2 protein chains.
Amino acid sequence: MLARPSHPGNIGAAARAMKTMGFGRLVLVAPKIFPDPQAEAMASGAGDVLAAALVVDTLPEALEGVTLALALTSRRRDLATAPCWARDGAAELARLAAAQAEVALVFGNETTGLSNEELAFCNRWAMIPANPQYASLNLAAAVQVLCYELRLAIEASRGAVPPAPTFASPGTPATHEEIEGLITQLESAAVESGFLDPERPGRLMLRLRRLFARAGLEKEEVNILRGLLASFRQPTGKRHRE
Amino acid sequence: MLARPSHPGNIGAAARAMKTMGFGRLVLVAPKIFPDPQAEAMASGAGDVLAAALVVDTLPEALEGVTLALALTSRRRDLATAPCWARDGAAELARLAAAQAEVALVFGNETTGLSNEELAFCNRWAMIPANPQYASLNLAAAVQVLCYELRLAIEASRGAVPPAPTFASPGTPATHEEIEGLITQLESAAVESGFLDPERPGRLMLRLRRLFARAGLEKEEVNILRGLLASFRQPTGKRHRE
């Protein structure tokens with residue numbers, strides 16, 4: 001919910017921020033200018049959220065049916081209770097939402113924030129940790145941070161901590177023998193070139209093993225490295241082909 | 001760092017997002033339009049960050065001196081390693097920053113993101129958990145989320161017992177220039193040996209970059225590999241010493 005937003009561009013940007021985090025119910029309380037082409041432009045692919053936005057005159061109307069309204073405030077104000085950090089507030093919203101309660105995030109005007117009266121209509125107040133010398137987040141940026149925290153909190157409360165993203169083409173990991181083959185070839189090349197003194201090998205090979213182990217070599221990488229090494233020993237030998 | 005941003009308004013909004021989270025060093029890689037009044041307007045109270053922004057032509061220039069560059073990507077790409085979530089990536093940056101290493105957040109163009117080549121210059125890749133049906137965060141919104149996570153991670157790492165040990169004992173990570181130096185030397189050695197055809201380079205160097213990025217090279221390892229490479233080109237040259 002955005003209370004008395006001044007700039008239609010911010011409304012559009014807030015709609016986009018919501019949609020990227022999977023939220024679609026935007027309520028506008030007495031927006032200064034809406035609808036507006038600037039809102040459309042800033043919404044980018046979230047025009048559907050804008051189109052479905054509910055416009056009301058007062059915050060109490062907007063809050064009908066809501067069990068927990070978390071208001072964002074950037075200043076410490078004379079509040080009923082101490083504000084919480086955004087992350088903790090999001091966790092509380094997620095807990096209630098999991099219990100089928102209606103919850104809301106409430107943001108104030110770009111310049112003046114939420115009025116004391118508006119703050120009093122909400123149940124909790126959250127702050128985004130920020131630079132004490134300049135804590136003025138853009139409205140849509142604040143919406144992005146809160147919606148991001150709420151998305152993570154909801155995922156966490158579902159027990160569905162998102163699995164680490166996977167990458168497109170994980171190569172086939174090299175086998176132990178393939179890596180040993182590379183290491184043997186590397187060692188004899190290093191001896192041959194004079195870099196490694198077989199009488200005083202020191203920790204060189206151990207260090208290289210450590211590096212390869214950490215890298216988690218793929219089959220194709222072992223082949224490339226072996227081809228490269230062979231080419232160093234026999235210049236103008238076989239060329240690399242893909 | 002913003003690579004090839006198209007819209008000056010986004011540059012200003014990104015500067016504001018950074019400053020609200022306490023960060024001030026903005027690097028712009030080949031911005032389409034900069035400086036520009038729209039950037040000033042969107043920066044709001046972060047005009048100082050804009051004024052101090054460094055403008056360079058290429059990402060490698062921007063990364064000089066940087067040990068860990070975390071690139072934001074919204075699509076699953078052919079990367080060296082699986083991308084991490086923004087929160088985990090921020091924690092890693094905070095750990096390294098606590099050990100006095102230079103770290104960077106790298107964001108791509110609004111429409112096309114980071115190119116494969118730009119991604120290959122970075123060491124880690126992060127994704128923001130998002131709505132799979134619409135994951136397109138505005139550039140400045142993504143900057144806001146990452147800077148917010150980084151601020152929290154830095155605060156957490158300062159609050160915790162000395163964070164250094166994780167990275168202190170395994171070795172000092174190599175800087176961007178050190179790794180580039182190795183890659184340049186490797187490339188010319190591969191051309192000289194005939195393994196790499198400069199007319200048809202294919203993806204060989206990209207694959208090797210990918211491997212090095214995944215390995216997270218240490219300074220001493222770079223020195224060893226460079227010494228080894230030099231010995232292949234000039235047999236019975238300098239020997240490895242510990």
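It should be emphasised that the depicted structure is a prediction, and the values quoted were computed from it without experimental measurement. (Residues numbered from 1 in each chain as written. Chains lettered and ligands numbered in written order. Predicted model: local features only at pLDDT ≥ 70, side-chain atom pairs only at ≥ 80, totals over all residues. Heavy atoms only, no water.)

**Some words on the environment of A:Glu220**
Residue and element names in this part refer to chain A.
- Mapped onto the elements of the fold, Glu 220 is located in helix H10 (residues 219–233).
- Of the residues examined, Glu 220 reaches a relative accessible area of 42% and is grouped as partly exposed.
- The spatial distance from the C-alpha of Glu 220 to the C-alpha of Arg 87 is 44 Å, given a sequence separation of 133 residues. (Helix = DSSP H or I, 4+ residues; strand = E, 2+ residues; numbered from the N terminus. Buried < 20%, exposed > 50% of the residue type's maximum accessible area, 1.4 Å probe, protein only.)

**Some thoughts on the interface of chain A and chain B**
- Chain A puts 77 residues into the contact, and the matching count from chain B is 80 residues.
- Both faces combined, the contact of chain A with chain B buries some 6500 Å², and carbon together with sulfur accounts for 58% of it.
- There are 12 salt bridges connecting chain A and chain B.
- The residue A:Arg207 makes a salt bridge to B:Glu220 at a minimum N-O spacing of 2.7 Å.
- Here chain A is connected to chain B by 26 residue pairs in polar contact (both at pLDDT 80 or more). (Contact = heavy atoms within 4.5 Å. Buried area = accessible area lost by both parts, 1.4 Å probe. Salt bridge = Lys/Arg side-chain N within 4 Å of Asp/Glu carboxyl O. Polar contact = N/O pair within 3.5 Å; in protein donor to acceptor, adjacent residues only side chain to side chain.)

**Focus on the pairing of strand E4 (residues 68–72) of chain A**
All names here are of chain A.
- With five of five residues buried, E4 is to be regarded as a mostly interior element.
- Residue alternation in E4 divides its side chains into two sets, Leu 68, Leu 70 and Leu 72 and Ala 69 and Ala 71, and both sets are buried.
- Of the pairings in the sheet, the one linking E4 to strand E6 (residues 103–106) comprises four bridges and is parallel in character. When the bridges of E6 are listed, Ala 71 appears paired with Val 106.
- Two strands pair when backbone bridges link them, and E4 and strand E7 (residues 124–127) are joined in this way by three bridges, in the parallel orientation. From the neighbouring strand, Leu 70 faces E7, where its bridge partner is Arg 124. (Pairing = 2+ DSSP bridges.)

**Some points on the sheet that holds E7(A)**
Residues and elements named next belong to chain A.
- Reading across the sheet, the four strands line up as E5-E7-E4-E6 and stay open at both edges, with parallel pairing between neighbours. At either margin of the open sheet sits one strand with a lone partner, and together these are strand E5 (84–85) and E6.
- In the sheet, E5 pairs with E7 via two bridges, with the strands oriented parallel. Bridging from a neighbouring strand, Cys 84 pairs with Ala 126 of E7.

**Quick word on the sheet that holds strand E3 (residues 54–56) of chain A**
All names here are of chain A.
- Taken together, three strands build an open sheet; the order of strands is E1-E2-E3 and the sheet is parallel. Looking at strand neighbours, the two that pair on one side only are strand E1 (2–3) and E3, the edges of this open sheet.
- Note that E1 and strand E2 (residues 27–29) share two bridges and pair parallel. Across the sheet, residue Ala 3 finds its bridge partner in E2, namely Val 29.

**Quick word on the pattern of salt bridges**
- Per the stated rule, a full pass over the model turns up 30 salt bridges over all chains.
- The salt bridge partner of A:Glu180 is A:Arg209, with a shortest N-O separation of 2.8 Å. In this pair, A:Glu180 is assigned in helix H8 (residues 176–193) and A:Arg209 in helix H9 (residues 204–215), connecting sequence segments 29 residues apart.
- A:Glu180 sits in the partly exposed class, given a relative accessible area of 23%.
- Residues A:Arg210 and B:Glu221 are paired through a salt bridge, measuring 3.4 Å at the closest nitrogen-oxygen approach. Of the two residues, A:Arg210 is situated in helix H9 and B:Glu221 in helix H11 (residues 219–233); the pairing between them involves two chains.
- Judged by its relative accessible area of 34%, A:Arg210 falls in the partly exposed class.
- Members of the salt-bridge network, linked through shared partners, are A:Arg207, A:Arg210, B:Glu218, B:Glu220 and B:Glu221.

**Here we look at empty space enclosed by the protein**
- With the rule as written, the count across this model stands at one cavity of 30 Å³ or more.
- When its volume is computed, the largest cavity comes out at roughly 310 Å³.
- What lines the largest cavity is a set of 21 residues, among which A:Phe212, A:Leu225, B:Leu186, B:Phe212 and B:Leu225 lie closest to the centre.
- For the lining of the largest cavity, the secondary structure elements donating two or more residues are H8, H9 and H10 of chain A together with helix H9 (176–192), helix H10 (204–215) and H11 of chain B.
- A breakdown of the residues in the lining of the largest cavity according to their chemical character gives 21 nonpolar, no polar and no charged. (1 Å grid on protein atoms, 1.4 Å probe; cavity = no way out; pocket = protein on both sides within 12 Å on 5 of 7 lines; lining within 4 Å. Points joined across faces, edges and corners; volume = space filled by probe spheres on them. Nonpolar A, V, L, I, M, F, W, Y, C, P; charged D, E, K, R; others polar.)

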